[in-house]
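Here is how the chains run, residue by residue.
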Amino acid sequence: MFNLFLAVFPEIFIINATFILLIHGVVFSTSKKYDYPPLVSNVGWLGLLSVLITLLLLAAGAPLLTIAHLFWNTLFTRDNFTYFCQILLLLSTAGTISMCFDSFEQERFDAFESIVLIPLPTRSMLFMISAHDSIAMYLAIEPQSLCFYVIAASKRKSEFSTEAGSKYLILGAFPSGILLFGCSMIYGSTGATHFDQLAKILTGYEGARSSGIFMGILSIAVGSLFKITAVPFHMWAPDIYEGSPTPVTAFLSIAPKISISANISRVFIYGSYGATLQQIFFFCSIASMILGALAAMAQTKVKRLLAHSSIGHVGYIRTGFSCGTIEGIQSLLIGIFIYALMTIDAFAIVLALRQTRVKYIADLGALAKTNPISAITFSITMFSYAGIPPLAGFCSKFYLFFAALGCGAYFLAPVGVVTSVIGRFYYIRLAKRMFFDTPRTWILYEPMDRNKSLLLAMTSSFITSFFLYPSPLFSVTHQMALSSYL
Amino acid sequence: MNTDITASEKPQYPVIDRNPPFTAVVGNFNTLDYLRFSSITGVSVVVGYLSGIKPGLKGPSMVTGGLIGLMGGFMYAYQNSAGRLMGFFPNEGEVARYQKRGFSS
């Protein structure tokens, strides 16, 4: 009986480690004997250790994770697609936690719970990636969302953070309800919740004969698109991303995109592929790309600009998903991987700059004179976001548009190219501010801490050198995409 | 509820025991498994100690790190040992021991 749980060892470990950290934090942060110590960095390092051990259990125990697939197959599936997405999620989580230590201490933000609330939704996201049933999907989405609502409001003394958490709670509960409504409509119409059964019933279904099935699929699509900040369900994202603490914003920008993209790939490509749904996703991709490009131009704050940039990137990544082909899934995986690394890079720099009170784009003036390495790294990241060759962002967008052309989406690819060009305006504007403008306020030069430096070194190296040898990522993602179809 | 242990991936190595009990798996820990267990525990204790210096919590942090490492290290060693018995990981040692046991009985 014990061996049945070999398949979920990573999840069991991370949840137990999180509880141990929570107990440790509660006991010692309120300890008079130890003089009520701040525990953010302590819990942070132990949290990072937990995530890395989870990654080890996942990577080293891959064949065992398919054990008792009949026991778990009613709820979860494990294949190469799942492994890739779960490993990427854990690496992103590790990167986010490593960003937190010094920035929380600098801001005198003594809430170890913020660190504990990062591995906790990670466990839910691991389940969500492998979910193969509507009930499992919803049971994984809800704990993830609840943790996000709390973590967005973790800075109790900041009204922006409290507002962000309240908004996220109210606006997030609504699409969760819509998603559950969709699952129940589909169950009511078909009697099936398992994606294998839904695939047999719904693939190629054009949606006109049963309004229940059509409403169900549409509701699940709306719920999922909201969670991923796709247009027209994106309005919550800039306010919440801006109000949340910056490491939390980084986590919210990266981790749910990975887990929900993987999950809706299973639901909509494997479970219910059809032309009607494809058109809905094409529309959302195009709208996200256009709005992400245009709305970001008016932004004056760095975090809001990155939030709108994230909305635009969701549009590009949705392009690969909307195609519904193996090349589309492969481009989705490449896009998510490169997006995760670029976003970790960008937010690490934003965090480092916030220590010098940089909040507005205008505050970036003359950064090149005070901190040239940061300025160069930030510029490289922005150029990669803009899709300028030969950086990794260009390779990601190239492959996404290539997949779109391959599936016959001849309108989507040119829209993507045009919006990329428009988007370059605000990315290059940041570089112009850093290198050519005078600062608006006094700037203090503070050296970056070691954790962020290491993180930036790794991600920047990847962004700049990816074009030299992209074939390992391409071949791995091709295998992962094939496995999601088999 | 189907509690069959069958995996969707076929074992690539000889299967010693398709569904080994807990005691058999723990009893099958070899030197490398104990090394994995102790390494992960040791690293976790060190991380706990070092991260506890700043807030002045060296001892308790070491214990917390040790607990996390103990759990993770045990799970990692268990995973490897069970995988060898089930035929998912290379298991020449187990096959030789099984053949020897089979020959002697």
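Scroll up a little and you will see the structure.
Keep in mind the model is a prediction, meaning the values are calculated, not measured.

Enquirer: It is not clear to me how the interface of chain A and chain B should be interpreted in this structure. Could you clarify?
Expert: It is common to give the size of an interface as the accessible area lost on bringing the parts into contact. Across the boundary between the two partners, chain A contributes 38 residues, which contact 40 residues of chain B. Put simply, chain A and chain B have zero salt bridges between them. Linking chain A to chain B there are four residue pairs in polar contact (both at pLDDT 80 or more). Mapped by element, the contributors of at least two residues to the side of chain A that touches chain B are α1 (9-29), α2 (40-60), α3 (69-72) and α4 (80-106) of chain A. When residues in the side of chain A that touches chain B are grouped by element, the largest group, 10 residues, is from α2(A). Residues belonging to the side of chain A that touches chain B are distributed by class as follows: 28 nonpolar, nine polar and one charged.

Enquirer: Explain the nonpolar core to me, please; I cannot follow it from the model alone.
Expert: A general feature of soluble globular proteins is that nonpolar side chains tend to end up buried together. One finds Met137(A), Phe268(A), Phe378(A) and Ile68(B) to be the most contacted residues of the largest nonpolar core, which totals 170 residues. When residues in this core are grouped by element, the largest group, 19 residues, is from helix α15 (residues 326-354) of chain A. Every residue in contact with Ile68(B), bar those within four places of it in the chain, is listed here: Phe13(A), Ala17(A), Ile20(A), Leu21(A), Leu46(A), Leu49(A), Ser50(A) and Ile53(A).

Enquirer: Just checking my understanding: could you explain a nonpolar patch on the surface for this structure?
Expert: All names here are of chain B. There is a patch of nonpolar side chains on the surface, built from Val46, Tyr49, Leu50, Ile53 and Met62 and spanning about 440 Å² of accessible area. Among the elements that take part in the nonpolar patch, helix α2 (residues 31-51) stands out by supplying three residues, more than any other. Within the secondary structure, valine 46 sits in helix α2. Here valine 46 falls in the partly exposed class, since its relative accessible area comes to 45%.

Criteria and thresholds
- Residues numbered from 1 in each chain as written.
- Chains lettered and ligands numbered in written order.
- Predicted model: local features only at pLDDT ≥ 70, side-chain atom pairs only at ≥ 80, totals over all residues.
- Heavy atoms only, no water.
- Contact = heavy atoms within 4.5 Å.
- Salt bridge = Lys/Arg side-chain N within 4 Å of Asp/Glu carboxyl O.
- Polar contact = N/O pair within 3.5 Å; in protein donor to acceptor, adjacent residues only side chain to side chain.
- Helix = DSSP H or I, 4+ residues; strand = E, 2+ residues; numbered from the N terminus.
- Nonpolar A, V, L, I, M, F, W, Y, C, P; charged D, E, K, R; others polar.
- Core = buried A, V, L, I, M, F, W, Y, C linked by side-chain atoms within 4.5 Å.
- Buried < 20%, exposed > 50% of the residue type's maximum accessible area, 1.4 Å probe, protein only.
- Patch = residues over 30% accessible without salt bridge, like charges linked within 9 Å, V, L, I, M, F, W, Y side chains within 5 Å.
- Areas by Shrake-Rupley, 256 points an atom, 1.4 Å probe, with all protein chains shown as cover.

None of the figures reported here should be taken as evidence of function without further support.
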